Amino acid sequence: MSASLPPIPEPHESLETPELLDLGPSVEEQCLRADAARNRARLLEAAGRLVAEHGAATLTMEAVAAAASVGKGTVFRRFGDRVGLLTALLDHSEKKFQAAFLGGPPPLGPGAPPVERLRAFGCASLRRSVEQLDLQLAAERGPDRRYTPPPRLLRNGHLIMLLRQVVPDADCELLAQTLMGYLDPALVHHLTKNCGMPLERLEAGWIDLVARVTRTESPPAGVRIELPSAVEQPGVEPPC
């Protein structure tokens, strides 16, 4: 018969309920974050009013500070620079657009064949650019940072994913950059404002480009891609 187990030693630690570590923000931190969020919303509201009244091209950090009755340094601390402020103004519609092509209804979202999703993606992007062209142009970054913002990388990756499903033997990374170039706000501005091309022509050109890149047939001429109304008219909504 095996030897009996030794007695369990008395614990040295206190048997009182231990104090739990607070892994979340303290009450003071939550208050500070709430104040920061309110200040940010106030600045964005002021910037949105200035853009609506005078256009995005003339927006300055000084003007936003004056409109919000704060110091200029506060605006710089919140947004970094003018491009950061303009990007924040576009943030709401950008999130709606991302939600639409990542998880919204087809043909823009999952559930449609990849070629249909490519057509819908370009048409949605073109309509969004035309709707917000002034703001998108003003938010354009310099050549050294133009291709690296997370929203652009996400859209580019989405195109690569769709292209790999249709033309897996192609250089999908370069093809995606080619398609992204067609949707560039500066090009959309040139074609619509300087060349007088209507949005319908740009959409038809996109659909034809997708057909040639993917070696598929285009839909009948004159057929417009139907998209959810929230994607067609994104607008710049005031912050929550």
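Above: the structure in question.
Residues numbered from 1 in each chain as written. Predicted model: local features only at pLDDT ≥ 70, side-chain atom pairs only at ≥ 80, totals over all residues. Heavy atoms only, no water.

Enquirer: What is the right way to look at the overall build of the chain in this model?
Expert: Each helix and strand counted, the chain has 11 helices and 0 strands in total. Taken from the N to the C terminus, the helices and strands of the chain come in the order α-α-α-α-α-α-α-α-α-α-α. Expressed as a percentage of the 240 residues in the chain, the buried residues total 38%. Once local pairs closer than 6 in sequence are excluded, the contacts in the chain between residues at least 24 apart make up 68%. Just so you have it, the chain exposes about 14,400 Å², and 58% of that area is on carbon and sulfur atoms. (Helix = DSSP H or I, 4+ residues; strand = E, 2+ residues; numbered from the N terminus. Buried < 20%, exposed > 50% of the residue type's maximum accessible area, 1.4 Å probe, protein only. Contact = heavy atoms within 4.5 Å. Areas by Shrake-Rupley, 256 points an atom, 1.4 Å probe, with all protein chains shown as cover.)

Enquirer: Just to check I follow, could you spell out the environment of Ala112 for this structure?
Expert: The topology assignment puts Ala112 in the loop between α4 (82-103) and α5 (114-131). Beyond its immediate sequence surroundings of up to four residues, Ala112 is in contact with Pro106, Pro107 and Arg117.

Enquirer: For this particular structure, what's the right way to read the packing of helix α8 (residues 172-182) against helix α10 (residues 199-214)?
Expert: For any two helices packed against each other, the geometry comes down to the angle between their axes and how far apart the axes lie. Running from N to C, α8 and α10 cross one another at 170°; their axes reach a closest spacing of 11 Å. Relative to α10, the element α8 is oriented roughly antiparallel. In contact with Leu175, Leu179 and Tyr182 of α8, α10 contributes Arg201, Leu202, Gly205, Trp206, Leu209 and Val213. (Axes fitted to C-alpha atoms, helices over the stretch in contact; angles between N-to-C directions. Parallel < 35°, antiparallel > 145°, perpendicular 65-115°, else oblique.)

Enquirer: How should helix α3 (residues 72-79) be read in this particular structure?
Expert: Each α-helix winds once per 3.6 residues, and so residues spaced three or four apart point in a common direction. Buried within α3 are the following residues: Thr74, Val75 and Phe79. Down the axis of α3, the buried side of the element spans an arc of 105°, and every buried residue falls inside it. Gly80 lies just past α3 and shows a positive phi near 85°. (Arc of directions from axis to C-beta.)

Enquirer: Is there a simple way to explain the packing of α4 against α5 in this structure?
Expert: Across the interface, α4 lies against α5 with an axial gap of 11 Å and an inter-helix angle of 165°. With respect to each other, α4 and α5 are oriented roughly antiparallel. Crossing of α4 against α5: the hand is right-handed. Across from Leu90, Ser93, Glu94, Phe97 and Phe101 in α4, the residues of α5 making contact are Arg117, Phe121, Ala124, Ser125 and Arg128. Looking at the contact of α4 with α5, its residues break down into 5 nonpolar, 2 polar and 3 charged. (Left-handed = near helix turned anticlockwise from the far one by under 90°. Nonpolar A, V, L, I, M, F, W, Y, C, P; charged D, E, K, R; others polar.)

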